[in-house]
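Listed here are the chains, written in short residue letters.
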Amino acid sequence: QQQVKQSPQSLIVQKGGISIINCAYENTAFDYFPWYQQFPGKGPALLIAIRPDVSEKKEGRFTISFNKSAKQFSLHIMDSQPGDSATYFCAAPLQGAGSYQLTFGKGTKLSVIP
Amino acid sequence: EAQVTQNPRYLITVTGKKLTVTCSQNMNHEYMSWYRQDPGLGLRQIYYSMNVEVTDKGDVPEGYKVSRKEKRNFPLILESPSPNQTSLYFCASRNRVILSEQYFGPGTRLTVT
């Protein structure tokens, strides 16, 4: 079974610090990697995604970096805030039975402490 | 408002008592799916549907059934629930083209005793 491996499982960062979450994949149907953010009691919601033609995408304090040769991509949260405390999931489009499926990493629980 | 709704949000039941969790979306999405979320295991896909009357197994389909008779609805059926199906369940939908942008429902927390 193809997998997306996400690390770390949990992360504690001081307010104002940088949060870094990493993901590695085996094989993808194509290069398009989204990150989802989930707050307690809520469903995951799309945070940011990177297209195949760029190696980095930045949206505000959130940046995705993509290393195609290493089959890795990462999420950086600059100037982390307590409101960023949530669980983050990376995902990759993997070939399913006759279609493409988003396969999720196991998630990273981020806690930003004041 | 574009949304995915699930009912019920919380359910406590006993082993073997059939139950259905409903899912509905108002975005005219072709694709719908069910996930379960367990601590340390992340989101695992149970079943998905590419369109009306088209369903397929995900990674953990054992013990579950689905149907897609209408485009907007995708119920999850547990014919004989067991305690190992105690979990948090999410329904999701997306359109046919934008693979990465899935919309998730608020979740259903199921406890089977």
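Everything discussed here concerns the structure shown above.
Structure report, in brief. Predicted model, so just to flag it, every value in this text is computed and none were measured.

This part takes up the overall build of chain B. Helices and strands together make up the secondary structure of chain B, namely zero helices and 11 strands. Traced from its N-terminal end to its C-terminal end, chain B shows the element sequence β-β-β-β-β-β-β-β-β-β-β. Taken over the C-alpha trace, chain B has a radius of gyration of 13 Å; the compact-globule value for 113 residues is 13 Å, and the two agree within 12%. Across its three principal directions, the C-alpha atoms of chain B cover 40 × 30 × 25 Å. When each of the 113 residues of chain B is scored for burial, the buried share is 50%.

A surface patch of nonpolar side chains, about 240 Å² in accessible area, is lined by I18, I20 and M78 of chain A. Taking relative accessible area as the criterion, M78 of chain A reaches 34% and is therefore assigned partly exposed.

Turning next to the interface of chain A and chain B. Counting residues at the interface gives 23 residues for chain A and 22 residues for chain B. Carbon and sulfur atoms make up 55% of the surface buried where chain A meets chain B, a total of about 1,700 Å² over both sides. For the pair chain A and chain B, the number of links is zero salt bridges. On inspection of chain A and its partner chain B, the count reaches two residue pairs in polar contact (both at pLDDT 80 or more). Of all elements in the fold, only β4 (33-38), β5 (45-50), β9 (86-95) and β10 (100-104) of chain A reach the threshold of two or more residues within the side of chain A that touches chain B. If one sorts the elements of the side of chain A that touches chain B by residue count, β10 of chain A sits on top with four residues.

Cut-offs applied
- Residues numbered from 1 in each chain as written.
- Chains lettered and ligands numbered in written order.
- Predicted model: local features only at pLDDT ≥ 70, side-chain atom pairs only at ≥ 80, totals over all residues.
- Heavy atoms only, no water.
- Helix = DSSP H or I, 4+ residues; strand = E, 2+ residues; numbered from the N terminus.
- Rg over C-alpha atoms; globule rule 2.2 N^0.38 Å.
- Buried < 20%, exposed > 50% of the residue type's maximum accessible area, 1.4 Å probe, protein only.
- Patch = residues over 30% accessible without salt bridge, like charges linked within 9 Å, V, L, I, M, F, W, Y side chains within 5 Å.
- Areas by Shrake-Rupley, 256 points an atom, 1.4 Å probe, with all protein chains shown as cover.
- Salt bridge = Lys/Arg side-chain N within 4 Å of Asp/Glu carboxyl O.
- Contact = heavy atoms within 4.5 Å.
- Buried area = accessible area lost by both parts, 1.4 Å probe.
- Polar contact = N/O pair within 3.5 Å; in protein donor to acceptor, adjacent residues only side chain to side chain.

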